[in-house]
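# What the coordinates show
Next come the chains, spelled out residue by residue.
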Amino acid sequence: MIVIKKNKEPQELTQYRKQPDASYENMHGAKLNPEQSEQDVYHIVLDSLLREQGYLCAYCLCRIPKKRGNPPCTIEHIIAQSDPNGDPLSYKNMVAVCSGNRNANDNADKTCDARRGNKKLHVNPLDESTIKEIEYQSTGIIYSQNLEINTDLNDRLNLNCISLSLPETRKKVLDALKNDMAKKGLKNNSSFRERCQKQLQYYETQEKKKPYVGILIWWLKKHIK
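Worth saying up front: this structure is predicted, and the values here are computed from it rather than measured. (Residues numbered from 1 in each chain as written. Predicted model: local features only at pLDDT ≥ 70, side-chain atom pairs only at ≥ 80, totals over all residues. Heavy atoms only, no water.)

### Digging into the pairing of strand S1 (residues 73-77)
Extensive coverage of S1 is indicated by the burial of five of its five residues. Two elements, S1 and strand S2 (residues 94-98), share five bridges in a ladder whose sense is antiparallel. Looking at S2, one finds that Thr74 is bridged to Val97. (Buried < 20%, exposed > 50% of the residue type's maximum accessible area, 1.4 Å probe, protein only. Helix = DSSP H or I, 4+ residues; strand = E, 2+ residues; numbered from the N terminus. Pairing = 2+ DSSP bridges.)

In structure tokens:
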């Protein structure tokens, strides 16, 4: 999981919210300017979320939309729609997430919002202070010393799902970075810390971010300190 910096909400959502029958459910199929856009409000908002997230799931950081999966991606509310403190039409409460393997028969094989349901989360990709609580093992396991956040990662979001090979995939991504950094070190005389800083800046400024980049950002920051 990485920090998501919210952009200005799409003007279509601003306009839609002013309508008397505006609701999250009615966003599907709602077109404010059919002559100007073929997309409904829902998909305009989803596209905006995807761009600001670098086309990664807000929770597991897999690439979205996927070529396979039903649905390939969807809008998730950080504060659940069932929570009276949440606003289903607030752009600041929305992120894009993957399918979460929601069609799996066993709940143990579901991840992200498909696993979470309406449970309250303590980790929040929009809140940097909670993301700083996240750590990784060399095996690709994601965890936190904060017990509530650790429960979010392992139980409520199931981000160490074995059936989807999430830890193994993160490990491969991290091992590839380590190998690349070692090779670069043989080709130039810049310090290891400087190489980490350059690589970190690259990952953090990518428009289309590298899948599972969270473990890479964490590892690089650890070696910059």
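### Here we look at unusual backbone geometry
Among all residues save glycine, negative phi is the norm, and among peptide bonds the norm is trans. With an omega dihedral of -5 degrees, the bond running from Ile64 to Pro65 counts as a cis peptide bond. As for its position among the elements, Pro65 is in the loop between helix H2 (41-52) and S1. Phi at Tyr55 is positive, roughly 65 degrees, even though this residue is not glycine. If you check the backbone angles, Asn158 has positive phi at about 55 degrees while not being a glycine. Along the chain, Asn158 falls in the loop between helix H5 (147-156) and helix H6 (166-187). By relative accessible area, Asn158 is classed as buried at 8%.

### Details of the pattern of salt bridges
Summed over all chains, the structure comprises 10 salt bridges. One salt-bridge network, held together by shared partners, links Glu148, Asp152 and Arg156. (Salt bridge = Lys/Arg side-chain N within 4 Å of Asp/Glu carboxyl O.)

### Observations concerning the packing of helix H7 (residues 192-205) against helix H8 (residues 213-224)
H8 packs onto H7 with a crossing angle of 150 degrees between their chain directions and a minimal axis gap of 9 Å. Classed by the angle they form, the pair H7 and H8 counts as roughly antiparallel. Judged by the sense of rotation from one axis to the other, the crossing of H7 with H8 is left-handed. Across the interface between the two elements, Phe192, Arg193, Cys196, Gln197, Gln199, Leu200, Tyr203 and Glu204 of H7 pack against Val213, Leu216, Ile217, Trp219, Leu220, Lys221, His223 and Ile224 of H8. The residue makeup of the contact of H7 with H8, split by class, is 10 nonpolar, three polar and three charged. (Axes fitted to C-alpha atoms, helices over the stretch in contact; angles between N-to-C directions. Parallel < 35°, antiparallel > 145°, perpendicular 65-115°, else oblique. Left-handed = near helix turned anticlockwise from the far one by under 90°. Contact = heavy atoms within 4.5 Å. Nonpolar A, V, L, I, M, F, W, Y, C, P; charged D, E, K, R; others polar.)

Remember that the coordinates give geometry; whether it matters functionally is a separate question.
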